[in-house]
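# Analysis of the macromolecular model
Here is how the chains run, residue by residue.
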Amino acid sequence: VSSPTPSGGPAPTGPSEQSPRTPIGATVLGYPRIGPDRELKRALERYWAGRIDEAELHEVARKIRVDTWRGLADAGLDTIPSNTFSYYDQVLDTATLFGALPSRFTRLGAGPTDTYFAAARGVQDAPAMEMTKWFDTNYHYLVPELGPDSTFSVAGSKPIEEYREARALGLETRPVLVGPVTFLLLSKAADGAPEGFRPIELLDKLLPAYVELLRTLHDEGVRWVQLDEPAFAADRTQSELDALARAYQALGSARERPGIMVAGYFGGLGDALGLLARSPIEALAVDLVTDPSTVDAVAAERGLRDKEVVAGVVDGRNIWRVDVDGALARAATLLGTAGTVGVGTSCSLLHVPYDVDRETGIDARVRDWLAFAGQKVDEVVLIGRALREGQESVAAQLETARSATRDRAGAGDLRDQRVRARLEALKPEHTRRGDYATRAAAQQEALKLPALPSTTIGSFPQTGEVRRQRAAYRAGRIGAEDYRAAMRAEVERVVRLQEDLGLDVLVHGEPERNDMVQYFAEQLAGFAATEHGWVQSYGSRCVRPPVLYGDVSRPAPMTVEWAKYAQSLTERPVKGMLTAPVTILAWSFVRDDQPLADTARQVALAIRDEVHDLESAGIRVIQVDEPALRELLPLRAAEHKAYFDWAVESFRLATSGISDATQIHTHMCYSEFGDILPAIEAIDADVTSIEAARSRMEVLTDLDEAGFSRGVGPGVYDIHSPRVPDVDEVSSLLRTAVEAVPAERVWVNPDCGLKTRGYAEVEPALRNLVTAARQVRAQL
Ligand code: GLN
Ligand code: ZN
């Protein structure tokens, strides 16, 4: 586009009789809130440990908010959001705001702050609210529990207080709220709600509370609010779409209210787009990044002529510099459709780290291809100016951005001809193993395991000593040899312990691994690690995803030495431990210049090399963890098949070409297996261990109904809790398991790795697990 001009028209004023509202213009939908140096994490953990008081915690939070607002305003955004800060989670904030916390927390009689944290983290006798993934991101929210008797009122004042706090600094902000329909769709029926009750049935009770809040905000002088409705980027039923239409008809018709911008993100809005276009709201923020066809759908929408559309052209979830010309073209496409076109991020910037300029450890050339939250704000401002004032006004900045994009596109070192040639030479037999029955027989012959063999998922407790050794090695305080000796000593200790406990298939315990993805990313070509690139996962927990920027290959074996050493210590089989391709992708920032399926195949080849080397080194059981298989599942069912095709293929590519006698295990956690059951069979692992203790083995019935026919290790020890299960409890779970699945296919193991637990619980728990396995085995 050459210097597009904004299509003018007076800004909509909404029904309230206020001065004309200025457009939203260049904005972001949300911002990280953990603090550039994870200040909030530290303050929260100190507060929970009783080491600082509430006032100190609030002061840290206030400073994060103030710095964020000032930073956004100084960068030149036209409007800035507020209420994007959270002490824990925005869905929990919404439940609190509308007085919808479960009564087991409100009844505790604690103050508001501690009641809130009790709901998030649980206290004695009041288990925490359930936590689950926020759409297809790695962020987790707390699931509200609602029943037919739930009531709603404006019980809190957080958005109002934060608006005032910013205004006191001279900054006008746009409070951001989870929209009413998404809030209800993300909620679950409370225990005791009648069968078939769905929280969305409460919409008519919830809307008056939103209307009241809008009026309060209006009285404060708030000009715009942002209501997030990402639930409509997923498939929705007609009645859910009707609920959306009804909600915005009601909110839009409220008499005294700020302008309403509805934000739909994580994909296109599908049928919800037209409904929102026809509803009496003033603005709509759309995600033009996730689904490339969205821009055409929005451009074809007639009902947007009197509305502002904020074109979400800067990716809020990935860390690549924006292609400014592509972004400008997409935003400009909407000029003829919308009353006003603003420019924004595709979603909140919550999902990216703060500032790429601090990453001095990343090769300067690669770093120049990246944009974190701070840089993305500048991109939004730049594109907004180019759109409004013409490209000449920002010619130099556009040129800088273009040259980085060109450099990345032309970078030969992104492409490794050897990797590409291997991929091209792939044939169907590279993803196929012998038939399962033959394999099972060969493996039994080789391993001679008893019925109901017992094992663990891989990691053993990471003691303070282990962490200290790793930290000392990283910091250069101890050399490679000392480090290696310390880790070997730990491996030996863990092997001896497992022999003593009587486990059948042993592990080396993973002491040398910080994280199951980062450990591999650090050793694979094509990845860069960040130093400060923390992203909130939930509450005070953060992850630091590696950046997958080029073709992936494995320069040298990554785990063989550890597995071999562990195997040298024992006659029992030691299980090698790897991470599977989808999980590596899901927990990294991935390149956006080729289909994910291609990147997955490259990662699969690298893991395949490791599998082959482990086998050659005499490792007879190899576990390839794929806990994130569910995580990358697209929000729309129409895309599921294509996803499963490449996800399953990448696992099979990583785990085939080996002897029938080599046993492949995989491990999956997270309780929502429903959608991925067919894939669990299709990946063709010999044994799959899954989380099952909390659901009391229910998943086995589901697997059986889905036709699952291979070995399965339903977790019999819930490692998320410090509780030690006794022998009877484990035997009873095992008896349930052997009723659901033929005993010769059942394995005995905990729900997940043990690295976050302490030996004080793990030892007795595993002892009970082995005893229970022997008991039930004897009764078969
Ligand atoms: N092997 C890994 C461990 O035991 C698996 C972790 C996971 O599933 N998240 O720690
Ligand atoms: Zn797990």
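This structure is a prediction, so every number in the text was calculated from the model and none was measured.

Our focus in this paragraph is the overall build of the protein chain. Assigned secondary structure in the protein chain consists of 28 helices and 20 strands. Computed over the C-alpha atoms, the radius of gyration of the protein chain is 27 Å, within 12% of the 28 Å expected from 2.2 N^0.38 for a compact globule of 780 residues. Along the first, second and third principal axes, the C-alpha set of the protein chain runs to 80 × 60 × 50 Å. Put simply, the protein chain has 780 residues, and 50% of those count as buried.

Before going further, it helps to spend a moment on helix H2 (residues 54-75). The terminal C-alpha atoms of H2, which comprises 22 residues, lie 32 Å apart, in line with the 32 Å expected from a rise of 1.5 Å per residue. Ala61, Ile64, Arg65, Thr68, Trp69 and Leu72 are the residues of H2 that are buried. For H2, the arc enclosing every buried residue in end-on projection is 125°, short of the 170-degree limit, so these residues lie on one face. Away from its buried face by more than 90 degrees, H2 exposes Ala55 and Asp74. Packing partners of the buried residues in H2 comprise helix H1 (39-48), strand E1 (80-82), helix H6 (158-167), strand E5 (173-178) and helix H14 (373-389). Of the residues trailing H2, glycine 76 is marked for its positive phi of about 100°.

The geometry of H1 relative to H2 is characterised by a closest axis approach of 9 Å and an angle of 170° between their N-to-C directions. In this view, H1 runs roughly antiparallel relative to H2, as classed from their interaxial angle. Residue-level contacts link Glu39, Leu40, Ala43 and Tyr47 of H1 to Leu57, Val60, Ala61 and Ile64 of H2. Split into classes, the residues belonging to the contact of H1 with H2 amount to seven nonpolar, no polar and one charged.

You will see that aspartate 125, though not glycine, has its phi angle at about 75°, which is positive. Turning to its location among the elements, aspartate 125 is positioned in the loop between helix H5 (112-121) and strand E2 (131-133). With 7 C-beta atoms counted inside 10 Å, the residue aspartate 125 sits in the exposed group.

Not every one of the 13 residues close to ligand 1 is listed here, only the nearest: Ile457, Gly458, Ser459, Pro627 and Gly753. Classifying every residue of the shell around ligand 1 by side-chain character gives six nonpolar, four polar and three charged.

So, about the UniProt feature "binding site: L-homocysteine" (unreviewed entry) in the protein chain. According to UniProt, the feature "binding site: L-homocysteine" (unreviewed entry) maps to Ile457, Gly458, Ser459, Glu510 and Asp625 in the numbering used here. Despite a sequence span of 169 residues, these residues sit close together in the fold, their greatest C-alpha distance being 13.0 Å. One can find isoleucine 457 in the loop between helix H17 (436-447) and helix H18 (464-474). Residue class for isoleucine 457 comes out buried when judged on the 26 C-beta atoms lying within 10 Å of it. Not counting residues up to four positions away in its chain, the partners in contact with isoleucine 457 are His667, Ser689, Asn749, Pro750, Cys752 and Gly753. Topologically, glutamate 510 is positioned in the loop between helix H19 (480-501) and helix H20 (518-521). With 25 C-beta atoms packed within 10 Å, glutamate 510 lands in the buried category.

Looking now at the sheet that holds strand E9 (residues 283-287). Pairing in this open sheet of seven strands is parallel, and the strands run E1-E5-E7-E8-E9-E10-E11 from one edge to the other. Each end of this open sheet is capped by a strand with a single partner; those strands are E1 and strand E11 (340-345). Shown here is a sheet whose adjacent strand axes are inclined to one another by a mean of 30°, direction ignored. Looking at chain direction, strand E7 (residues 224-228) and strand E8 (residues 259-264) are connected through five bridges and run parallel. What sits directly across from glutamine 226, in E8, is methionine 261. Of the strands in this sheet, E1 and E5 touch H6, which is tilted by about 160° from E5.

Moving on to the pairing of E8. Most of E8 is tucked away: six of the six residues are buried. Residues of E8 alternate between two faces, with Gly259, Met261 and Ala263 on one and Ile260, Val262 and Gly264 on the opposite face, all of them buried. As for the winding sense of the linkage, the β-α-β connection from E7 through helix H9 (residues 238-253) to E8 is right-handed.

In space, the five strands of this open sheet follow the order E16-E17-E18-E19-E20, with parallel pairing throughout. At either end of the open sheet lies a strand with only one pairing partner, and these are strand E16 (575-579) and strand E20 (711-714). For this sheet, the mean inter-axis angle between neighbouring strands, taken without regard to orientation, is 20°. Strand direction decides the pairing type here: strand E17 (residues 621-625) and strand E18 (residues 663-668), joined by three bridges, are parallel.

For the pair helix H23 (residues 596-616) and helix H24 (residues 640-655), interaxial distance at closest approach is 7 Å and the crossing angle is 20°. Looking at the two axes, H23 sits roughly parallel to H24. Along this stretch, H23 crosses H24, giving a crossing that reads as right-handed. Residue-level contacts link Ala597, Ala600, Arg601, Val603, Ala604, Leu605, Ile607, Arg608 and Val611 of H23 to Trp646, Ser650, Leu653, Ala654 and Thr655 of H24. Partitioning the contact of H23 with H24 into residue classes produces ten nonpolar, two polar and two charged.

Turning to helix H27 (residues 727-740), a few remarks are in order. End to end, H27 covers 20 Å across 14 residues, agreeing with the expected 20 Å (1.5 Å per residue, within 8%). Those residues of H27 not exposed but buried are Val730, Ser731, Leu733, Leu734 and Ala737. The buried residues of H27 all sit within an arc of 160° when viewed along its axis, so they share a single face. Projecting away from the buried face of H27 at angles above 90 degrees are the exposed residues Asp728 and Glu739.

Calculation notes
Residues numbered from 1 in each chain as written. Chains lettered and ligands numbered in written order. Predicted model: local features only at pLDDT ≥ 70, side-chain atom pairs only at ≥ 80, totals over all residues. Helix = DSSP H or I, 4+ residues; strand = E, 2+ residues; numbered from the N terminus. Rg over C-alpha atoms; globule rule 2.2 N^0.38 Å. Buried ≥ 20, exposed ≤ 12 C-beta atoms within 10 Å, placed from the backbone. Expected span 1.5 Å × (residues − 1). Arc of directions from axis to C-beta. Contact = placed C-beta atoms within 7 Å. Axes fitted to C-alpha atoms, helices over the stretch in contact; angles between N-to-C directions. Parallel < 35°, antiparallel > 145°, perpendicular 65-115°, else oblique. Nonpolar A, V, L, I, M, F, W, Y, C, P; charged D, E, K, R; others polar. Near = placed C-beta within 6 Å. UniProt positions renumbered as here; feature names shortened; annotations may be inferred. Pairing = 2+ DSSP bridges. Right-handed = clockwise from strand over helix to strand, strands pointing away. Left-handed = near helix turned anticlockwise from the far one by under 90°.

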